[in-house]
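Coordinates in review
Residues per chain, in single letters:
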Amino acid sequence: MGILNVTPDSFSDGGTYPSVQTAIAAGHAMAQAGADIIDVGGESTRPGATPTPPEEEIRRTLPVIRALAEAGLRVSIDTRNAATMAAALDAGAAIVNDVSALAHDPEAATLIAARRVPVILMHMRGTPATMAAHAHYTDIAAEVAAELAARMAAAIAAGIAPEAICLDPGIGFAKRPEHSIELLRRLPEIAALGCPLLVGVSRKGFIGRISGVATPADRLAGSLAAALFALWRGAAILRVHDVAETAQAVRIWQALRG
Ligand code: HH2
């Protein structure tokens, strides 16, 4: 999954695309480089970010989603808002990626059930603005698994098919670096919930903390190491900024694994 943030303020690639055309071109380049899914987002969820209204999110993302979907690419919409989900699905998006695991917007679960599309439920506590204060765990893997199981149950109760659900441990969301590391080690405990796992480690803060590399865009080597570790621990989908480099690393890893 290639990350395409059409935001002014994302932690790594905010403001990268000065126009709709450059964002569309970047989506095509990611697909050519090996991305099976292009994840389009119009709101930064970096720690401390302030919310973006759905109308603005729709304005930023819709032309990009429509163009990529019309060209035959598989697009996911990275949003917490049901209005944005509905507009994106109408424009051709095929997957919903919700960092709040459908907890933010009470309309979201019924919308996804009605549209019968796959959904990614990511673990977080609080909101991007408040999550740092919620990073307290006594047994991170058990607590994240239990909280994701509750979100899964809520989704299924709203009519979403179990086989339409993908789970995500939410690396860096309400997690300190040591939490992210332990959660990646114990990914099989999240996989035991029975859904495919998506993992997003690309350029994240724990890589900067360990490596001492302050600039997110300079964290490619650490991101590749973490991505391959996540695959080894059971990730099915990697959400990444650097698609060509990750695809090459994954191909070699798969060949060696046999
Ligand atoms: N991470 C980010 C955003 N969305 N979605 C899922 N499912 N998993 C993740 O780990 C995840 C996500 C944060 O990264 P990014 O999109 O690069 O930055 P920002 O939120 O600042 O736009």
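Overview of the structure. Every value quoted in this text rests on a predicted model; they were computed, and no experiment measured them.

It is worth spelling out the overall build of the chain at this point. Counting its secondary structure elements, the chain contains ten helices and eight strands. Computed over the C-alpha atoms, the radius of gyration of the chain is 17 Å, within 12% of the 18 Å expected from 2.2 N^0.38 for a compact globule of 258 residues. Projected onto its principal axes, the C-alpha positions of the chain cover 40 × 40 × 40 Å. Counting over 258 residues, the chain shows a buried share of 53%. Taking the contacts inside the chain whose residues are at least 6 apart along the sequence as the reference set, 65% of them involve residues at least 24 apart. For the chain, the computed accessible surface area is about 11100 Å², with 56% contributed by carbon and sulfur atoms. Within the chain, the 25 negative side-chain charges are centred at a point lying 4 Å from the centre of the 22 positive side-chain charges.

Another aspect to go through is the site of the ligand. Close to the ligand lie 18 residues; S10, T45, N97, D168 and K204 are nearest. Between the ligand and D168 there is a distance of 2.6 Å, counted from a nitrogen atom to a side-chain nitrogen or oxygen. Here an oxygen atom of the ligand sits 2.8 Å away from a polar atom, N or O, in the side chain of R239. With the chains in place, 98% of the 480 Å² that the ligand exposes on its own is no longer accessible. Judged by its atoms lying within 2 Å of the grid points, the ligand is housed in the largest pocket. Its residues assigned to classes, the shell around the ligand comprises six nonpolar, seven polar and five charged.

This part covers the packing of helix α5 (residues 140-157) against helix α6 (residues 177-185). The contact between α5 and α6 brings their axes to 9 Å, and the two run at 75°. Accordingly, the angle class assigned to the pair α5 and α6 is roughly perpendicular. Contacts between α5 and α6 involve I140, A141 and V144 from the former and H179, E182 and L183 from the latter. Of the residues in the contact of α5 with α6, the class split is four nonpolar, one polar and one charged.

Further remarks concern the side chain of E43. Take E43: it is sitting in the loop between β2 (38-41) and α2 (54-70). A polar atom in the side chain of E43 sits 2.9 Å from the backbone nitrogen of T52. A distance of 2.8 Å separates a polar atom in the side chain of E43 from a polar atom in the side chain of R80. Apart from residues no more than four positions distant in its own chain, E43 is found in contact with T7, P51, T52, E57 and R80.

Cut-offs and rules
Residues numbered from 1 in each chain as written. Predicted model: local features only at pLDDT ≥ 70, side-chain atom pairs only at ≥ 80, totals over all residues. Heavy atoms only, no water. Helix = DSSP H or I, 4+ residues; strand = E, 2+ residues; numbered from the N terminus. Rg over C-alpha atoms; globule rule 2.2 N^0.38 Å. Buried < 20%, exposed > 50% of the residue type's maximum accessible area, 1.4 Å probe, protein only. Contact = heavy atoms within 4.5 Å. Areas by Shrake-Rupley, 256 points an atom, 1.4 Å probe, with all protein chains shown as cover. Lys, Arg positive; Asp, Glu negative; His and termini not counted. Charge placed at Lys NZ, Arg CZ, Asp CG, Glu CD. Near = heavy atom within 4 Å. Polar contact = N/O pair within 3.5 Å; in protein donor to acceptor, adjacent residues only side chain to side chain. 1 Å grid on protein atoms, 1.4 Å probe; cavity = no way out; pocket = protein on both sides within 12 Å on 5 of 7 lines; lining within 4 Å. Sits in = over half its atoms within 2 Å of the grid points. Nonpolar A, V, L, I, M, F, W, Y, C, P; charged D, E, K, R; others polar. Axes fitted to C-alpha atoms, helices over the stretch in contact; angles between N-to-C directions. Parallel < 35°, antiparallel > 145°, perpendicular 65-115°, else oblique.

It is worth stressing that arrangement in space is one thing and function is another; only the former is reported here.
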